[in-house]
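Working through the structure, step by step
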Amino acid sequence: MKLKEVKFVKSVAINSEKVFFDEKHEIIFLGRSNVGKSSLMNAIFEKKDLVKTSSMPGKTRTANLFLLNNKYYFTDLPWYGFAKMWKEKKQDLDGLISWYIEERRQYIKSAVVLIDSRLWPQESDIAMYRYLLDLDMDVTIVITKIDKVSNNDLAKAKSLCEKAFFWQEFNAVSTKSMIWIKEIRNLLFEKVLGN
Ligand SMILES: Nc1nc2c(ncn2[C@@H]2O[C@H](COP(=O)(O)OP(=O)(O)OP(=O)(O)O)[C@@H](O)[C@H]2O)c(=O)[nH]1
Ligand SMILES: [Mg+2]
């Protein structure tokens, strides 16, 4: 698939509406705050700032849907499991994620789980991964910001990811240095076309 057009469609807040029951295939992006979800989506879209990025953690509080080639959704979901956040607020966001995923489950062709190469997989990442596996979903693991770590630290992050994610293959990317962006784009385009 070639990317011809991408546009923002809408933001969905938890239980704010009957979730759009259309049958378009979808890829979702998940990960802790500041891990680089929005940056990766922009890189995939070849846009500078279509998806809002921020150095202020936790800016994204809705599911933000982008439509590719008028056919597929790529969706930026808010962070989960942010310990410093008020408990109530945190549960709201975790609630949005599980509500959204369960509503759209049959059309989601892959859940991209992002892990910061400097922070390694945390309990909340592993909980999310297991939750997705329980739902029998395809998961794409992405290690982000690899321009920020030494080769040694990257090797360590990779080995920790292998253990945490049951030896599943992963993709190590940098949006800053444009490493492995073309490859992850092709991989996700292939997945979204799937049955
Ligand atoms: N050096 C470097 N910085 C990056 C990379 N990807 C993202 N960043 C920076 O990391 C910060 C957070 O990136 P975002 O893409 O907004 O992260 P997010 O996961 O969408 O964050 P929330 O929306 O708050 O959950 C921004 O300042 C980005 O510029 C990368 O590959 N390399
Ligand atoms: Mg974001």
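Structure first, text after, so check above.
Okay, so let's go over this structure. (Residues numbered from 1 in each chain as written. Chains lettered and ligands numbered in written order. Predicted model: local features only at pLDDT ≥ 70, side-chain atom pairs only at ≥ 80, totals over all residues.)

Quick look at unusual backbone geometry
Of all residues except glycine, most have a negative phi; of all peptide bonds, most are trans. Phi is positive for Glu46, which is not a glycine, with a value near 60°. In this structure, Glu46 sits in the loop between helix 1 (37-45) and strand 3 (63-68). By the C-beta count within 10 Å, which is 11 here, Glu46 ends up exposed. The phi angle at Asp136 is positive, at roughly 65°, despite the residue not being glycine. (Helix = DSSP H or I, 4+ residues; strand = E, 2+ residues; numbered from the N terminus. Buried ≥ 20, exposed ≤ 12 C-beta atoms within 10 Å, placed from the backbone.)

Here we look at the environment of Val35
Here Val35 shows up in the loop between strand 2 (26-30) and helix 1. A residue is classified by how many C-beta atoms lie within 10 Å of it, and Val35, with 24 of them, is buried. Linking Val35 and Leu119, residues 84 residues apart in sequence, is a C-alpha distance of 9.2 Å. Residues in contact with Val35, not counting those within four places in the same chain, are Leu114, Ile115, Asp116 and Thr144. (Contact = placed C-beta atoms within 7 Å.)

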